[in-house]
Amino acid sequence: MTSSARPLLNRRLAEFGTTIFAEMSALALSTGAINLGQGFPDTDGPEEVREAAVRALRDGLGNQYPPGPGIPELRTAVAAHQQRRYGLSYDPDGEVLVTAGATEAIAASLLALVEPGDEVIAFEPYYDSYAACIAMAGGTRVPVTLRPHEDRFRLDLDELRDAVTDRTRLLLINTPHNPTGTVLTRAELAAIAELAVERDLLVVTDEVYEHLVFDDAEHVPLATFPGMRERTVTISSSGKTFSFTGWKVGWVTGTQELVTAVRTAKQYLTYVSAGPFQYAVAEALRLPDSYFDGFRADLRRKRDLLGDGLRAAGFEVYQPQGTYFITTDITPFGEKDAHRFCRALPERCGVVAIPNSVFYDDPAAGRSQVRFAFCKRDDVLHEAAVRLRRLAS
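Now for a look at the structure at hand. Worth saying up front: this structure is predicted, and the values here are computed from it rather than measured.

Now for the overall build of the chain. Secondary structure assignment for the chain yields 13 helices and 15 strands. A principal-axis box enclosing the C-alpha atoms of the chain has dimensions of 60 × 55 × 50 Å. The 393 residues of the chain split such that 58% are buried. Accessible surface computed for the chain: about 16,400 Å², of which carbon and sulfur atoms make up 49%. Distance between charge centroids for the chain: 4 Å, based on 42 positive and 53 negative side chains.

Next up, the structure:
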């Protein structure tokens, strides 16, 4: 027992407890409910990618420490992907860094680029690690809220401009956006780029859902806009694209100066990780376009399957343009507290979801919003839809 009156937990992390994902997944396990809360698929990705990992293990590739920046094969594959998909040219030897998933990439980027007192603007609702990483870096988070308008959540560019002050260091951008499913348009991205150049801001972009865009939406990396390559750290990962979330293989691309800064912080976090899986992901990134097209079409179908079920149950549904999440509103049920609603949902319907209120600095802004994941098998989504219809009665 310590004799000090000082709290054991670092004050910067005092507001953060167990993540909502751990809390709701434990609730799913204890109740036997269908888990549509945490965003992970319930089937593995391509067999040839899994076999590539097995082959690497058997051949002794990556079983010992891989190079700190990542194996050359993966860094080359990431650079080739950025060039082929977006026309972005990066030197795999100095402008690509492999990380333990996008979560570490975000943490390392913020720890490297933000100092105490710096302001970091992020779009809320935001993935919960953003707030924690900004806090660990000593920065001050400044939320700009995406608000529902008609069928989707939208960015108010005037609100973004007004949020920038002389203390603003960095914009933390997430598109396609988790949890709302919004995909920023070319016009919105062009305005963000113009603002970043005008105010000399750094930008970190989380693009892990880059291949999961639907209908008429398109993913355009912010680094492709004039003046942005030299000030943008672009982050992505293999987990969402190839359905191997447990492998935790992510990457950073940017100028050598930016990547060197991020690597300086990253080397004192995990240093290296996922050795054999890096070889497999290098092969995955070279899959033909037919894989990415088919994967996207399958997720769009799943989105529509669950979305129809949620509407039939009585939810107000905001149609996502990307990611594998659907945000809903529970006010049609005469309810306003999403957290209480989600705690009760496993007993009422045998389904687990996530209250969006935890993704806001002001929980009242998302008090009635609930997020469901649709990256599950068809039979699971069908059964969840059947169970949720109990709410309609």
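Moving on to the side chain of lysine 376. You can see lysine 376 is positioned in the loop between β15 (369-373) and α13 (378-388). Of the side chains bearing the opposite charge, aspartate 42 lies closest to the buried lysine 376, which forms no salt bridge; the N-O distance is 5.7 Å. If we skip the residues at most four places from it in the chain, lysine 376 touches Asn35, Leu36, Gln38, Phe40, Asp42, Lys302 and Leu381.

Packed helix pairs are characterised by how far apart their axes lie and by the angle those axes make with each other. At a minimum axis separation of 8 Å, helix α2 (residues 47-58) and helix α10 (residues 275-284) run at an interaxial angle of 140°. Every pair of crossing elements has a handedness; the one defined by α2 and α10 is right-handed. Across the interface between the two elements, Val49, Ala52, Ala53, Arg55, Ala56 and Leu57 of α2 pack against Pro276, Phe277, Tyr279, Ala280, Glu283 and Ala284 of α10. Here the residues of the contact of α2 with α10 are counted per class, giving ten nonpolar, no polar and two charged.

It is worth spelling out the sheet that holds β15 at this point. The strand order across the open sheet built from four strands is β11-β12-β15-β14, with neighbouring strands paired in antiparallel fashion. Two strands lie at the open edges of the sheet, namely β11 (316-318) and β14 (354-355), each paired on one side alone.

Counting residues in each nonpolar core, the largest one holds 101 residues, and the members touching the most others are Leu74, Leu170, Leu172, Phe315, Leu345, Phe372 and Leu388. Among the elements that line this core, the one with the most residues is helix α11 (residues 289-313), at eight residues. Beyond its immediate stretch of four places on either side in the chain, phenylalanine 315 contacts Leu310, Thr328, Asp329, Ile330, Phe333, Phe341, Phe372, Leu388 and Leu391. The next biggest cluster of nonpolar side chains, apart from the first, holds 26 residues, and it includes Ile121, Leu184, Ala193 and Val220.

Conventions we followed
- Residues numbered from 1 in each chain as written.
- Predicted model: local features only at pLDDT ≥ 70, side-chain atom pairs only at ≥ 80, totals over all residues.
- Heavy atoms only, no water.
- Helix = DSSP H or I, 4+ residues; strand = E, 2+ residues; numbered from the N terminus.
- Buried < 20%, exposed > 50% of the residue type's maximum accessible area, 1.4 Å probe, protein only.
- Areas by Shrake-Rupley, 256 points an atom, 1.4 Å probe, with all protein chains shown as cover.
- Lys, Arg positive; Asp, Glu negative; His and termini not counted.
- Charge placed at Lys NZ, Arg CZ, Asp CG, Glu CD.
- Salt bridge = Lys/Arg side-chain N within 4 Å of Asp/Glu carboxyl O.
- Contact = heavy atoms within 4.5 Å.
- Axes fitted to C-alpha atoms, helices over the stretch in contact; angles between N-to-C directions.
- Left-handed = near helix turned anticlockwise from the far one by under 90°.
- Nonpolar A, V, L, I, M, F, W, Y, C, P; charged D, E, K, R; others polar.
- Pairing = 2+ DSSP bridges.
- Core = buried A, V, L, I, M, F, W, Y, C linked by side-chain atoms within 4.5 Å.

Any functional reading would require information beyond the geometric quantities listed.
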